[in-house]
Amino acid sequence: MMPAKPFDDFRNLLAALPPADDAASARVRALFAKAEKPKESLGRVEDIAAWIAAWSGRAPPAINRPLVAIFAGNHGAVRHGISPRPVAATANEVELCAAGGAAINQVCIANDLGLKVFDLALDIPTGDITEAAALDERGCAATMAFGMEAVAGGADLLCLGDLGVGNSTIAATLCAALFGGEGADWVGSGSGADAAMIARKAEVVDRALAFHGPGLGDPLEVLRRVGGREFAAICGAILAARMEKIPVLLDGFAATAAAAVLYAANPGSLDHCLLAGLTPEPGHAKATERLGLRPLLDFGISHGEGVGAALAAGIVKAAALTSSGMALAVRL
């Protein structure tokens, strides 16, 4: 018998994901059909309500414990000058969130959302992906498992975001490894890179792809070799949410790139996820098209911190309330 490997549990989860509750979804659509309104007049609100029911198993749906989970990580590849911000900015942003002064704090207050921010060993950046793996298999699997703990304590909507200087370059590398293409096809300005810096970002992606070469044939190997801790944690959180019947909102290029790893392993792994919005990063639009994700918002947000997902959570909560309120009226 072959000894167990760190990724084995995750491969098993990906091979046996719980399906949607189609009956719950159908009940929500039937309630809307019976309501005193023109057919399908609420448009995508009806779709969102049916989606919540399908992945929570509750019809009519309810969102009572929504949670924003932000994962913060640092990257060894930043030494190549791929970001206009210093590495210390990641920790500074985490501290700002903890102090209640970040944008995400205000959006969470406005939409009555819980908030957790996870510092993923910020003082120990991952390996420089141009010359080493970001993580070893054990470390990557442990970080995925840590990400799964985001839903511990209960939640019924999970909004996923990230913090990490340089992680738009890492996201671009993941997408290039998973979907094909060169660095120039996937990189953008990120947090304000000029043309010279964008060229360096593309070079880092290409060097990483060349260095890891044949090792990029397996999605989880792609994650550990050219990803990072926040990407691994987001993968774990998405999987845990699926197992616990929690719908997910994805925010930003990094979270989408992490989700792409799971999609490459099992195309049905993101069926319980919606995309909050598109960032201005050109690679983000390409990735979402490959994944078949349709954004809820078009606000041009590239801020990070899960801000887009937290804003979209307000719409999702409204869709659930609309469904439950109209269901009550139908029964009356």
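Just so you know, the residues in each chain are numbered from 1, in the order the chain's sequence is written. Only residues with pLDDT of at least 70 get local features here, since the model is predicted, and only at 80 or more are side-chain atom pairs given and counted; chain-wide, interface and lining totals rely on the full set of residues. To obtain the side-chain values, all non-hydrogen atoms of the structure were used and water was disregarded.

(A) Spotlight on the packing of aromatic side chains. Stacked, edge-to-face and tilted are the three classes for Phe, Tyr and Trp ring pairs, Trp counted by its six-membered ring, which pair at centre distances within 6.5 Å; planes under 30 degrees apart are stacked, over 60 edge-to-face, the rest tilted. Using the criterion set out here, one finds three aromatic pairs in the structure. With centroids separated by 4.8 Å and ring planes inclined at 15°, the aromatic side chains of Phe 71 and Phe 118 adopt a geometry described as stacked. Taken as a pair, Phe 71 in strand β1 (residues 66–72) and Phe 118 in strand β2 (residues 114–119) lie far apart in primary sequence, 47 residues in all. Between Phe 118 and Phe 146, the aromatic rings sit 5.6 Å apart at their centres with planes inclined by 90°, giving edge-to-face as the arrangement. Here the residue Phe 118 occupies a position in strand β2, and Phe 146 occupies one in helix α6 (residues 137–148), the gap between them amounting to 28 residues. Relative accessibility decides the category of a residue: with a 1.4 Å probe and only protein chains considered, values under 20% of the type maximum give buried, values over 50% give exposed, and everything between is partly exposed. Among the residues examined, Phe 118 registers a relative accessible area of 13% and is labelled buried. According to the relative accessible area criterion, Phe 146 is partly exposed, its value standing at 36%. Members of the aromatic cluster, connected to one another through ring pairs, are Phe 71, Phe 118 and Phe 146. Charge-over-ring placement is defined geometrically: NZ (Lys) or CZ (Arg) within 6 Å of the ring centre, and within 35 degrees of the ring normal. The ring of Trp 186 carries the charged tip of Lys 286 above its face, separated from the ring centre by 5.9 Å. Helix numbering and strand numbering both begin at the N terminus, where a helix is a DSSP run of H or I of at least 4 residues and a strand a DSSP run of E of at least 2.

(B) Just the packing of helix α2 (residues 22–34) against helix α3 (residues 44–56), in detail. Close contact between α2 and α3 brings their axes to 7 Å; oriented N to C, the two are set at 150°. Classified by the angle between their axes, α2 and α3 sit roughly antiparallel to one another. In this structure, α2 crosses over α3, and the sense of that crossing is right-handed. Here Ala 24, Ser 25, Val 28, Arg 29 and Phe 32 of α2 lie close against α3, whose contacting residues are Glu 46, Asp 47, Ala 49, Ala 50, Ala 53 and Ala 54. Looking at the contact of α2 with α3, its residues break down into seven nonpolar, one polar and three charged. Angles here are taken between N-to-C directions and fall from 0 to 180 degrees, while the axes themselves are lines fitted to C-alpha atoms, restricted in helices to the stretch in contact. Under this scheme an angle from 65 to 115 degrees is roughly perpendicular, one under 35 degrees roughly parallel, and one over 145 degrees roughly antiparallel; angles in between are oblique. The hand of a helix crossing depends on one turn: near helix anticlockwise from the far one by less than a right angle means left-handed, and clockwise means right-handed. By definition, residues are in contact when any of their heavy atoms lie within 4.5 Å. Note that Gly is not counted as nonpolar here; it falls among the polar residues with everything else outside the nonpolar set of Ala, Val, Leu, Ile, Met, Phe, Trp, Tyr, Cys and Pro and the charged set of Asp, Glu, Lys and Arg.

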